[in-house]
Amino acid sequence: MRETAPPSPPQDASAADRAAARSRRPLPVRLRRALGPVPWIAPAVLLIVLVVLWPVYEMVRSSFLRIRRSGVVKGSNGTDNYKKLFDEPDFTHVLWNTVMWVVVVVGVTVILSLALAQLFNQHFPGRRVARWALIVPWAASVFMTALVFRWMLHHSYGVMNTLLVDLHIIDQGKDWLGKPATAFPWMMGVAVFVSLPFTTYTLLAGLQTVPAEVYEAARVDGASKWRTYLSVTLPLLRPAILVAVVINLINVFNSFPIIWAMTGGGPGYETDTTTTFMYKLKAADIGESAALSVVNFGILIVLVLVYLGVNRWTTKEAD
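Residues numbered from 1 in each chain as written. Predicted model: local features only at pLDDT ≥ 70, side-chain atom pairs only at ≥ 80, totals over all residues. Heavy atoms only, no water.

Trainee: Which residues make up the overall build of the protein chain, and what are the values?
Mentor: Counting its secondary structure elements, the protein chain contains 14 helices and 2 strands. Taken over 319 residues, the protein chain has a buried fraction of 32%. Of all intrachain contacts in the protein chain linking residues separated by at least 6 positions in sequence, the fraction that spans at least 24 positions is 63%. On the protein chain, roughly 20,200 Å² of surface is accessible, and the fraction owed to carbon and sulfur atoms is 67%. (Helix = DSSP H or I, 4+ residues; strand = E, 2+ residues; numbered from the N terminus. Buried < 20%, exposed > 50% of the residue type's maximum accessible area, 1.4 Å probe, protein only. Contact = heavy atoms within 4.5 Å. Areas by Shrake-Rupley, 256 points an atom, 1.4 Å probe, with all protein chains shown as cover.)

Trainee: Talk me through the side chain of Thr 263; I want residue IDs and the actual numbers.
Mentor: Assignment of secondary structure puts Thr 263 in the loop between helix 12 (257-262) and helix 13 (274-284). Side-chain polar atoms of Thr 263 contact the side chain of Thr 271, separated by 2.9 Å. Every residue in contact with Thr 263, bar those within four places of it in the chain, is listed here: Leu 177, Ala 183, Met 187 and Thr 271. (Polar contact = N/O pair within 3.5 Å; in protein donor to acceptor, adjacent residues only side chain to side chain.)

Trainee: Tell me about the packing of aromatic side chains, residues and numbers included.
Mentor: Per the counting criterion, the structure on display carries 12 aromatic pairs. Note on Trp 138 and Phe 198: the rings are 5.9 Å apart at their centroids and 65° apart in plane angle, and the pair reads as edge-to-face. Of this pair, Trp 138 sits in helix 6 (residues 127-139) while Phe 198 sits in helix 9 (residues 180-207), placing them 60 residues apart in sequence. With centroids separated by 5.3 Å and ring planes inclined at 65°, the aromatic side chains of Phe 256 and Tyr 279 adopt a geometry described as edge-to-face. Placement of the pair is Phe 256 in the loop between helix 11 (225-253) and helix 12 and Tyr 279 in helix 13, with a sequence separation of 23 residues. Aromatic rings pair up to connect Phe 256, Trp 260 and Tyr 279 into one cluster. Sitting above the plane of the Tyr 279 ring, Lys 282 keeps its charged end 5.1 Å from the centroid. (Phe/Tyr/Trp six-rings, centres within 6.5 Å; stacked < 30°, edge-to-face > 60°. Lys NZ or Arg CZ within 6 Å of the ring centre and 35° of its normal.)

Trainee: How would you sum up the pattern of salt bridges? Please name residues and give values.
Mentor: Inspection of every chain in the model, using the stated rule, returns 4 salt bridges. In this structure, Arg 61 and Glu 58 form a salt bridge, with 2.8 Å as the shortest nitrogen-oxygen distance. One end of the pair, Arg 61, and the other, Glu 58, are both in helix 3 (residues 38-62), 3 residues apart, so they sit about a helical turn from each other. Arg 219 is the salt-bridge partner of Glu 216, the closest N and O atoms lying 2.7 Å from each other. Residue Glu 216 and its partner Arg 219 are located together in helix 10 (residues 212-220), separated by 3 residues, close to a single helical turn. Accessibility expressed as a relative area gives 54% for Arg 219, which makes it exposed. (Salt bridge = Lys/Arg side-chain N within 4 Å of Asp/Glu carboxyl O.)

Trainee: Summarise the side chain of Ser 62; cite the residues concerned and give the values.
Mentor: On the secondary structure map, Ser 62 appears in helix 3. With a relative accessible area of 17%, Ser 62 lands in the buried category. With near-sequence residues (within four places) excluded, Ser 62 lies in contact with Ile 67, Asn 81, Gly 287 and Ala 290.

Trainee: Help me get a handle on the nonpolar core, residues and values and all.
Mentor: Membership of the largest hydrophobic core comes to 43 residues, with the highest contact counts inside it found for Trp 101, Ile 258 and Met 262. Secondary-structure elements contributing two or more residues to this core are helix 5 (91-120), helix 7 (142-152), helix 8 (159-166), helix 9, helix 11 and helix 12. In terms of nonpolar packing, the next biggest core, distinct from the first, is built from 11 residues, Tyr 82, Phe 91, Phe 277 and Met 278 among them. (Core = buried A, V, L, I, M, F, W, Y, C linked by side-chain atoms within 4.5 Å.)

Trainee: Residues and numbers for the confidence of the model for the protein chain, please.
Mentor: With 87% of its residues at a pLDDT of 70 or more, the protein chain has an overall mean of 82. The model gives residues 314-319 a pLDDT under 50, and that stretch makes 2 contacts with residues more than four places away or in other chains. (pLDDT = per-residue confidence, 0-100.)

Trainee: Give me unusual backbone geometry: which residues, what numbers.
Mentor: Note that the residue after Gly 266, namely Pro 267, is joined by a cis bond; omega there is 0°. Tracing the backbone shows Pro 267 in the loop between helix 12 and helix 13. Phi is positive for His 168, close to 60°, though the residue is something other than glycine. On the accessibility criterion, His 168 (70% relative accessible area) is exposed.

Trainee: Kindly report on a nonpolar patch on the surface, identifying the contributing residues and their values.
Mentor: A contiguous nonpolar surface patch, about 1,100 Å² in accessible area, is contributed by Trp 40, Ile 41, Val 45, Leu 46, Leu 47, Ile 48, Val 49, Leu 50, Val 51, Val 52 and Leu 53. Under the relative-accessibility criterion, Leu 46 is labelled exposed at 52%. (Patch = residues over 30% accessible without salt bridge, like charges linked within 9 Å, V, L, I, M, F, W, Y side chains within 5 Å.)

Trainee: Tell me about the packing of helix 9 against helix 11, residues and numbers included.
Mentor: Between helix 9 and helix 11, whose axes approach to 9 Å, the crossing angle comes to 155°. Here helix 9 is positioned roughly antiparallel relative to helix 11, judged by the angle of their axes. You can see that helix 9 and helix 11 cross each other, and the crossing is right-handed. Seen from helix 9, the contacting residues are Ser 195, Phe 198, Thr 199, Thr 202, Leu 203, Gly 206 and Leu 207; seen from helix 11, they are Thr 233, Leu 237, Ala 240, Ile 241, Ala 244, Ile 247, Asn 248 and Val 252. Its residues assigned to classes, the contact of helix 9 with helix 11 shows 9 nonpolar, 6 polar and no charged. (Axes fitted to C-alpha atoms, helices over the stretch in contact; angles between N-to-C directions. Parallel < 35°, antiparallel > 145°, perpendicular 65-115°, else oblique. Left-handed = near helix turned anticlockwise from the far one by under 90°. Nonpolar A, V, L, I, M, F, W, Y, C, P; charged D, E, K, R; others polar.)

Trainee: So what about the environment of Met 262? Which residues, and what values?
Mentor: Assignment of secondary structure puts Met 262 in helix 12. Owing to a relative accessible area of 5%, Met 262 belongs among the buried residues under this scheme. Setting aside chain neighbours within four positions, we find Met 262 in contact with Ala 146, Phe 149, Arg 150, Leu 153, Leu 177, Trp 186, Met 187 and Val 190.

See the structure below:
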């Protein structure tokens, strides 16, 4: 009789079988396989510890210390730094400035960037040059850009006053940056100006991933251009919009050069945000400034958690 070959084991073993096979391997083999990725990820982990985790630890630790202006630590201060911070008479006003600063700058930036991305996604003469020109505010130093606008808005020799007077729009030059009512909107405009390139290119990249067949189907269904934009383009742009909004929230919240170069947060604390206010507190009380830095860090952590939460919701909805 012809011998029959023993049945071959199934090609796809179950997860339990594979786990049992791995557990039967010698301990040195299992350790070697487990530690195999360590040399590859160790430099990145070390960099994160040195550049991110250690400064965060020092920031939190300093917020509970009594520190002289010279930097000498005089001992623990408990929660007095936080109490002193929240008792600051200008703290509420600065918080309100920060809310207005972030909401207006990010909102206007996203709206304008949606329009620019839609424009640059079309074919027209000079499109490549226009795209290159949009990079200029992004490539230039933010501090330098803020200084240029400060000189343009100078009440004596600024080109803005000269232009408006020559056009008979105003009778005499105005001190645009000397009054909070005009200084804050101008600073917001500069912040939008330097935020447009990144946001526009992020949304433009999202637009270019939308399949042409989707627009063709919308045209066949008789949808107008506006209806197509609302029902097709914007929903498909949601991941790009999410990334652009969250990164802009963090960048704008931490924005220091624009405010400091144009007004220094003045007059007084009228145009300060929590970032510039923190810098001013450092000159008077380092511990209180560290406490404000922890508060700012906490706000950013909340933003990141909201970002992750929205991402999970989007993934679940897509499934």
